[in-house]
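Architecture and fold: a report
As a plain string of letters, each chain reads:
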Amino acid sequence: MRSAFQGRRVALEARIVQFRLLSACVFVALLFAFWDIQIGGDDRYRARALDNSIRERATSAARGVIHDRYRRAIAGSGLKMSALVESQDITATGLRAIAAGLKLDDEHVQGLLGDASELAVSRHLVLKEDLGPADLAYLRAHRAEFPEIRLAEDPRRQYGHGQVAVHAAGYVGRASREDLNDREFLLVDFGADIGKTGIERQYNSWLSGRDGSLQFLVDSRGSTLDTVGIVEPVPGRDVSLTIDVALQALAELGLEGRKGAAVALDPRNGDVLAMASSPAFDPNRFVSGISAREWRTLNADPDTPLLNRAIHGTWAMASVFKPIVGLAGLEAGIVGPSFTANCAGGLSVGGDYFGCWQRDGHGTVDFLRAMAVSCDVFFYHLGLALGIEPITRYARMAGLGARTGVDLPNEVPGMVPSEHWKVRRRLQPWRPGETAVVSIGQGPMSVTPLQVAHAIGGLAMGGVWHRPRLVSEQQRRLMDPDWRPPAPRVRAIAPEHLSTLRRAMWAVVNGGGTGGAARLAEIEVCGKTGTAQRVSNALRLRSGRADFEDDAWFVGFAPCEAPRIVVAVLIENGQSSRLAAEMARAILEFWQRGQASPGGRLAGTTLASSGGDQW
């Protein structure tokens, strides 16, 4: 009995010892944890506490100013007030509570909720930009209900002249997920302002600057208590364009109410003096975030106002192609004093009949007269004598069927047909009748207005084609000291052939030709008209549809013997090339006046009225 009792006593004492040891370990652990919290981990826990109470917001840098060639601002910066919310604070209930007050539509609200759920690179969302007085009054009146919402004043892109030069300059908008997939925007945060089109996109990195940041202290409800840190943003750098904004405004006034494009180049260096496309749109609509509904409306507009017709649309070149065919005939030795054609109103080729625009015919014409009156039959004969391959070769020599290389995104190349092209595309041989059609700029050939100005400008310069540019050589060297300008393409043209071509194009404007509407008293203009069929004449007359009417072209340069400007005008469904010639005349006349006082043509007036009396 005693030994059993002693055994139980020993076991109990052992358990007591174990309990004391365990209690001591727990006490030591608690003591260590208390020391770590109070002393050893002070910095670590202080940092965690600050992380919960200090938040950071990026502050946008003002974009650089886009100037014209005379330092007049096309795009600048102002200030906007925006309503922001931290992405981690946004909830469906809270967002919908303020949607009505800020007039946010349901689609916009859903988009914000989607952004909040996926956002990783940015710490705040923009609920609404460019707040008006009513928005500010609503937010201030409901400040207690929505403490997580902050107001921020940031730079706002401003296009002071509205839609003037919008297709060339481009516009700014918020970076989408699709934008972030592009290599050029790899370092851009979702929702940041970026150049979407035009110069804004082409030189986005130069114009953007570097964003700063703002650190502020918030309480447990998210209300801002104090600002604790500021990193100032670095503004973007300016870009000066080769465009003359006064000439640009005049070109756009000429296209008002029509669909079309006008391009003015300096053929001596490739400077783009004007690049107008109509209809256009107000880029300021995009700065504050265009709604999905507005975006769909713009994209669905049958007049395609977002399309830069100067470089993104292609059309049949029509008779403005005849100078290139004429040069090919001169250089091949076909065109000469003895080469004439009798135009009785049309020509049969391989069983097909091809009419002349002058139904009664032009009678017997030589090269100079055929160019002046734009006789189709003469050029049918010339094209058939040449064959399609020389025509294709000279078209490509002039730069057709390829991008000009202008410093704008997404330029299209157009198309120049050939025997090889048709066999590959349609598995059919080339027919002589197709050569006749291409000889007057119809058929499968397609060009942009910029290509037309570039091609004819190079011929006017005697076979020297400078790459078109909207940013000058000096500006490019400022952007990149190692940049070197591309060498012009040069093709030797016999002086006598160039002289003959110039005399023929002089006669178009000054010798009783089809381009008399472009004639000027102060300066000699050489040019060529064109009327491009969209459908057959029979279908056009039968349908009565306005969009089936012919497109009107004019391309011209001045002065004839020493060109300093070339102008190409396209008016969709313009019916008569006279309209295009009249518009080119106004552009050339305005440019000529400006040579006496460069950069001073807007003094004391507005863009809306400058040059308005030209029409």
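The numbers attached to residues start from 1 for each chain and follow its sequence in the written order. Where local features are concerned, this predicted model is filtered to residues with pLDDT of at least 70; where side-chain atom pairs are given and counted, the filter is 80 or more; whole-chain, interface and lining totals use all residues. Remark: hydrogens and water are excluded; side-chain values derive from all non-hydrogen atoms of the structure.

A run of DSSP states H or I qualifies as a helix once it reaches four residues; a run of E qualifies as a strand once it reaches two. Both are numbered from the N-terminal end. Note that S240 resides in strand β10 (residues 239-240). Think of it in three bands: residues with accessible area under 20% of the maximum for their type are buried, residues over 50% are exposed, and the middle band is partly exposed, with areas taken using a 1.4 Å probe on protein chains only. With relative accessibility at 16%, the residue S240 sits in the buried group. In the analysis that follows, any N or O atom pair within 3.5 Å is treated as a polar contact, provided that within protein one partner can donate a hydrogen and the other can accept it, and provided that, for residues neighboring in sequence, both atoms belong to side chains. In terms of polar contacts, S240 uses its side chain to reach the side chain of R71, at 2.8 Å. With residues up to four places along the chain from it excluded, the contact list for S240 reads H67, D68, R71, L470, V471, S472 and Q475. Contacts are assigned to residue pairs that have any heavy atoms within 4.5 Å of one another.

Once that is clear, we can look at the pattern of salt bridges. We define a salt bridge as a contact between a side-chain nitrogen of Lys or Arg and a carboxyl oxygen of Asp or Glu at a distance within 4 Å. If you walk through the whole model with that rule in mind, you get 25 salt bridges. Taking the shortest distance from any N to any O, the salt bridge between D352 and R431 comes out at 3.4 Å. Of the two residues, D352 sits in strand β15 (residues 352-355) while R431 sits in the loop between α17 (419-426) and α18 (432-439), which places them 79 residues apart along the sequence. The partly exposed category is assigned to D352, whose relative accessible area is 32%. Classification of R431 as partly exposed rests on a relative accessible area of 42%. The partner of E589 in a salt bridge is R585, with the nearest N and O atoms 3.3 Å apart. Here E589 pairs with R585, and both are found in helix α23 (residues 577-594), just 4 residues apart, close to one helical turn. For E589, a relative accessible area of 12% puts it in the buried group. Taken together, the shared-partner salt bridges in this structure form one network comprising R309, R534, D551 and E572.

Turning next to the confidence of the model for the chain. Along the chain, pLDDT gives the predictor's confidence residue by residue, from 0 to 100. Mean pLDDT over the chain stands at 85; residues scoring 70 or higher make up 85%. Here residues 602-615 scores under 50 on pLDDT; set against residues more than four positions off or in separate chains, the count is 28 contacts.

Next up on the list: the packing of aromatic side chains. Classification of ring pairs uses Phe, Tyr and Trp, with its six-membered ring standing for Trp, and accepts pairs whose centres are within 6.5 Å; under 30 degrees between planes counts as stacked, over 60 as edge-to-face, and the remaining range as tilted. All told, the structure shown has 8 aromatic pairs when counted by the stated rule. With a centroid separation of 6.0 Å and an interplanar angle of 85 degrees, the aromatic rings of F286 and W295 are classed as edge-to-face. The exposure class assigned to W295 is partly exposed, which follows from its relative accessible area of 36%. By way of ring pairs, the aromatic residues Y171, F281, F286 and W295 are connected into one cluster. Our definition puts a charge over a ring when NZ of Lys or CZ of Arg is within 6 Å of the ring centre and also within 35 degrees of the ring normal. Directly above the aromatic system of Y70 lies the positively charged group of R69, at a separation of 6.0 Å from the ring centroid.

As a further point, take a nonpolar patch on the surface. Only residues whose relative accessible area exceeds 30% and that form no salt bridge are eligible for patches; like-charged ones are grouped when within 9 Å, while nonpolar side chains (Val, Leu, Ile, Met, Phe, Trp, Tyr) are grouped when within 5 Å. Accessible surface area values rest on a Shrake-Rupley calculation with a 1.4 Å probe, where residue burial reflects the displayed protein chains alone. Taken together, the side chains of L22, V26 and L30 make up a nonpolar region of the molecular surface, amounting to roughly 300 Å² of accessible area. Mapped onto the secondary structure, L22 falls in helix α1 (residues 2-40).

The term disulfide is used for any two cysteine sulfur atoms that are within 2.5 Å. Taken as a whole and judged by the stated rule, the model has 1 disulfide. Unpaired in this structure, C343 has its nearest cysteine sulfur neighbour in C375, at a distance of 3.7 Å. In this structure C356 is a free cysteine whose sulfur lies 3.9 Å from that of C343, the closest cysteine sulfur available. The exposure class assigned to C356 is buried, which follows from its relative accessible area of 8%.

Moving on: the layout of surface pockets. Considering only enclosed or pocket space, the second largest pocket measures out at about 860 Å³ in volume. We place a 1 Å grid over just the protein atoms. Points where a 1.4 Å probe fits but has no way out form a cavity, open points with protein on both sides within 12 Å along at least 5 of 7 lines form a pocket, and any residue with an atom within 4 Å of a point lines it. Along its surface, the second largest pocket is lined by 31 residues, and W357, D376, T531, Q533 and N537 are the ones closest to its centre. Elements supplying a minimum of two residues to the lining of the second largest pocket: β15, α15 (376-386), β19 (526-532), α22 (537-543) and α23. Taken together, the residues of the lining of the second largest pocket sort by class into 9 nonpolar, 15 polar and 7 charged. Grid points are joined across faces, edges and corners, and a volume is the space filled by probe spheres set on the points. Classification used: nonpolar for Ala, Val, Leu, Ile, Met, Phe, Trp, Tyr, Cys and Pro, charged for Asp, Glu, Lys and Arg, polar for all others including Gly.

Below, the discussion takes up the nonpolar core. Residues belong to one nonpolar core when they are buried, are Ala, Val, Leu, Ile, Met, Phe, Trp, Tyr or Cys, and are joined through side-chain atoms within 4.5 Å. F321, I324 and F378 are the most contacted members of the largest nonpolar core, which totals 138 residues. Setting aside residues no more than four positions away along its own chain, F378 makes contact with F339, T340, A341, V365, D366, F367 and A370. With 14 residues, the next largest nonpolar core counts L104, L127, L131 and L139 among its residues.

Our focus in this paragraph is helix α5 (residues 133-141). Here α5 has its buried residues at D135, L136, Y138 and L139. In a view along the axis of α5, the buried residues occupy a sector of 160 degrees, so they form one face of it. Opposite its buried face, α5 presents the exposed residues P133, A134 and A141, each directed more than 90 degrees away. Each C-beta atom gives one direction from the helix axis, and the arc is the one those directions make.

Within the secondary structure, R157 is located in strand β5 (residues 149-158). Among the polar contacts made by the side chain of R157, one reaches the main-chain carbonyl oxygen of G76 at a distance of 3.3 Å. For R157, the side chain forms a polar contact with the side chain of E200, separated by 2.9 Å. With residues near it in sequence (within four places) discarded, R157 still touches R63, G64, V65, I66, A75, G76, S77, V172, E200, L207, N284 and V287.

On to the packing of helix α13 (residues 322-331) against helix α19 (residues 449-460). Contact pair α13 / α19: the axes reach a minimum separation of 10 Å and the direction vectors enclose 40 degrees. In terms of orientation, α13 lies oblique with respect to α19. Handedness of the α13/α19 crossing: left-handed. Note on element contacts: α19 touches α13 through A455, I456 and L459, opposite P323, I324 and L327. Split into classes, the residues belonging to the contact of α13 with α19 amount to 6 nonpolar, no polar and no charged. Here the axes come from fitting lines to C-alpha atoms, over the contacting stretch only for helices, and the angles between their N-to-C directions go from 0 to 180 degrees. Every angle not falling under 35 degrees, over 145, or within 65 to 115 is termed oblique; those three ranges are roughly parallel, roughly antiparallel and roughly perpendicular. Note on convention: the crossing is left-handed when the near helix lies turned anticlockwise from the far helix by less than a right angle, right-handed when the turn is clockwise.

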